[in-house]
Amino acid sequence: MDYSSDMLGKVKTKFKNATIKFLEMDEQNMVFEEELFDYVVASLILSVVPDANKCF
């Protein structure tokens, strides 16, 4: 997931044969059902969002 379509384009090119679902979305306003995920990995995300608490 990334807010930037440019960054998503780069990662899609890098992992073009992967079965990963790439999403363009604002991490501070995510649209997912409640309790959809068992685990979340957020590598380096809190250093780039304007409001880390809102992101959580």
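The structure displayed is predicted, hence computed values, not measured ones.

(A) The overall build of the chain, seen in detail. Helices and strands together make up the secondary structure of the chain, namely two helices and zero strands. With respect to the three principal axes, the spread of C-alpha positions in the chain is 35 × 25 × 15 Å. By residue count, 12% of the 56 residues in the chain fall in the buried class. In the chain, once contacts between residues fewer than 6 apart in sequence are set aside, the share between residues at least 24 apart is 28%. Surface summary for the chain: the accessible area is close to 5,300 Å², and the carbon and sulfur share equals 53%. Distance between charge centroids for the chain: 13 Å, based on 6 positive and 10 negative side chains.

(B) Molecular detail of the packing of aromatic side chains. Counted under the stated rule, the structure contains one aromatic pair. Here the aromatic rings of Phe32 and Phe37 are separated by 5.1 Å at their centres, their planes lie at 80°, and the arrangement is edge-to-face.

(C) Broad picture of a nonpolar patch on the surface. Side chains of Met1, Met30, Phe32, Leu36, Phe37 and Val40 sit close together on the surface and give an oily, nonpolar patch of about 570 Å² of accessible area. For Phe32, the location among the structural elements is in the loop between helix 1 (5-14) and helix 2 (52-55). The exposure class of Phe32 is partly exposed, given its relative accessible area of 31%.

(D) Inspection of the environment of Leu8 at higher detail. Within the element layout of this structure, Leu8 appears in helix 1. Separated by 44 residues in the primary sequence, Leu8 and Ala52 have C-alpha atoms spaced 21 Å apart. With sequence-adjacent residues up to four places away left out, Leu8 is seen in contact with Asp2, Phe22, Leu23 and Glu24.

What counts and what doesn't
- Per chain, the residues get numbers from 1 upward, laid out in the order the sequence is written.
- Where totals are concerned, whole chains, interfaces and linings use all residues; where local detail is concerned, this predicted model gives features only for residues with pLDDT of at least 70, and gives and counts side-chain atom pairs only at 80 or more.
- Water and hydrogen atoms were dropped before computing side-chain values, which therefore reflect all heavy atoms in the structure.
- In this description a helix means any DSSP run of H or I spanning at least four residues, a strand means any run of E spanning at least two, and both kinds are numbered starting from the N terminus.
- Working definition: with a 1.4 Å probe on protein chains only, accessible area under 20% of the residue-type maximum means buried, over 50% means exposed, and in between means partly exposed.
- The contact criterion used throughout is that any non-hydrogen atoms of two residues lie within 4.5 Å.
- Using the Shrake-Rupley algorithm and a 1.4 Å probe, accessible areas are obtained, with residue cover drawn only from the displayed protein chains.
- Counted as positive: Lys and Arg. Counted as negative: Asp and Glu. His and the chain ends are not counted at all.
- In this description, the location of a charge corresponds to atom NZ of lysine, CZ of arginine, CG of aspartate or CD of glutamate.
- Put simply, two rings from Phe, Tyr or Trp (the six-membered ring, in Trp's case) pair if the centres are within 6.5 Å, and we call them stacked under 30 degrees between planes, edge-to-face over 60, tilted for the rest.
- For patches, a residue must show more than 30% relative accessible area and have no salt bridge; joins then use 9 Å for like charges and 5 Å for nonpolar side chains, namely Val, Leu, Ile, Met, Phe, Trp and Tyr.
- Any carboxyl oxygen of Asp or Glu within 4 Å of a side-chain nitrogen of Lys or Arg constitutes a salt bridge here.

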